[in-house]
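Here are the chains, one letter per residue:
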Amino acid sequence: MKRWIGVGLALLLGAAVVVAIVLGNRGGGTETREPALVRGVIGSEKKPFFDDQRVRAVFARHGLRVEVDTAGSRQIAASVDLKKYGFAFPSSAPAAEKIKRDQGATRTFAPFSSPMAIATFKPIVDVLTKAGVVRDSGQGYQVLDIRKYLDLAAKGTRWDRLPGNTAYPARKRVLLTTTDVRTSNSAAMYLSIAGYVANGDDVVTSDARASRVAEAVAPLFLDQGYSETSTEAPFEDYLSLGMGKTPMVMVYEAQYASRLFAGDGSIRPDMRLIYPSPTVLSKHTLVPLSPQGTEVGRLLQEDPELGRLAALYGFRTAAAKAFDDLAAKVRARLPAGLIDVVEPPDYERLEGMIAAIDLLYRSGSVPSPTP
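Residues numbered from 1 in each chain as written. Predicted model: local features only at pLDDT ≥ 70, side-chain atom pairs only at ≥ 80, totals over all residues. Heavy atoms only, no water.

Attention now moves to the overall build of the protein. A count of helices and strands for the protein gives 16 helices and nine strands. For the protein, the residues scored as buried account for 47% of the 371 residues in total. Sequence separation of 24 or more characterises 75% of the internal contacts of the protein that already satisfy a separation of 6 or more. As presented, the protein carries roughly 17700 Å² of accessible surface, and 53% of it is formed by carbon and sulfur atoms. (Helix = DSSP H or I, 4+ residues; strand = E, 2+ residues; numbered from the N terminus. Buried < 20%, exposed > 50% of the residue type's maximum accessible area, 1.4 Å probe, protein only. Contact = heavy atoms within 4.5 Å. Areas by Shrake-Rupley, 256 points an atom, 1.4 Å probe, with all protein chains shown as cover.)

It is worth spelling out helix H3 (residues 53-61) at this point. Those residues of H3 not exposed but buried are Val55, Val58 and Phe59. When H3 is viewed along its axis, its buried side chains cluster within an angular range of 95 degrees and face the same direction. Along H3, exposed side chains directed more than 90 degrees from the buried face belong to Gln53 and Arg61. Residues of H3 that are buried in the fold lie against helix H2 (47-51), strand E2 (64-70), helix H13 (291-302) and helix H14 (304-312). Two or three places before Arg54, at the opening of H3, Asp52 has a side-chain oxygen 2.8 Å from that residue's backbone nitrogen. With its phi angle positive at about 80 degrees, Gly63 sits one or two positions after the end of H3. (Arc of directions from axis to C-beta. Polar contact = N/O pair within 3.5 Å; in protein donor to acceptor, adjacent residues only side chain to side chain.)

On inspection of all chains with the given rule, the structure shows 30 salt bridges. Here Glu67 and Arg65 are joined by a salt bridge, their closest N and O atoms 3.3 Å apart. Through salt bridges with shared partners, a single network forms among Lys47, Asp51, Arg56, Arg65 and Glu67. (Salt bridge = Lys/Arg side-chain N within 4 Å of Asp/Glu carboxyl O.)

What follows is the structure, given as structure tokens:
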């Protein structure tokens, strides 16, 4: 009897081993399959977000490993070979619309946005307020009146000629620092703002108007001299070199807000963020080029954890509370919402204006400011 019991136990043990091996080969009931790789090409301002290990972890939980390359929004739309990518994610809605059209995509996702803003300093704000160019919005933040600013720029006004200016008596023109409009999306967004005002407060909708408006606003870019190709470079100058080098720089709000939210001390007490009036939104728009790319877009738009992490990097999302709570936590004067927001021109009209300014750059012909 004992012998048969021993044989039975041995058989049960052997069966258990076989079952364990089979289950082990199948994952033991817990899936260990590697996440699916999906590659994307994005605007460089989003690279820190995609590199964040917390962001990677959220994608991994959904079975995705997201790897990204960076390029300018206009490059992504015009010259990047998109065949090797599962999604394109420029920071410009016009660029995204062109990509969608060219690639035959059926939908887009716009999970993030960032209004264009002006990083400056309290003394500069005070001087421009006295000159009537900066005013209070009535909503807790200050704005730069673009029409009045364009009038100053058209006259070639210098800082030391502004009435009562003892804080910044520099012998150079009152000009916003931007990136190179021929390469950078942030400068193209600035062109959209200036072009709207120069076009009689209307979006440029024809090739003829695009050419005329471009010539009118070209000095805003050409008179700066050398311009950087990436928005990060002039913003770093602003942070490290102060108002002597960069009294006003056109930035994405997200650049400034992310530094505030990080609490790293880079935003000093004398620094200010004001908003052009009107302004435009830089709409970070994802164009899926594969089923996995579609899933990346869906998660960025719908996953609350990804939304919270995007807010940490200064981006505004559909769930506004995450951004507003961070702003309240650091007592930042960042508006809960902006009212005076206009649309940029479509891709072809915007490219037409940039091409016209490029011709002026290459010919050395700079329209003279009004005396």
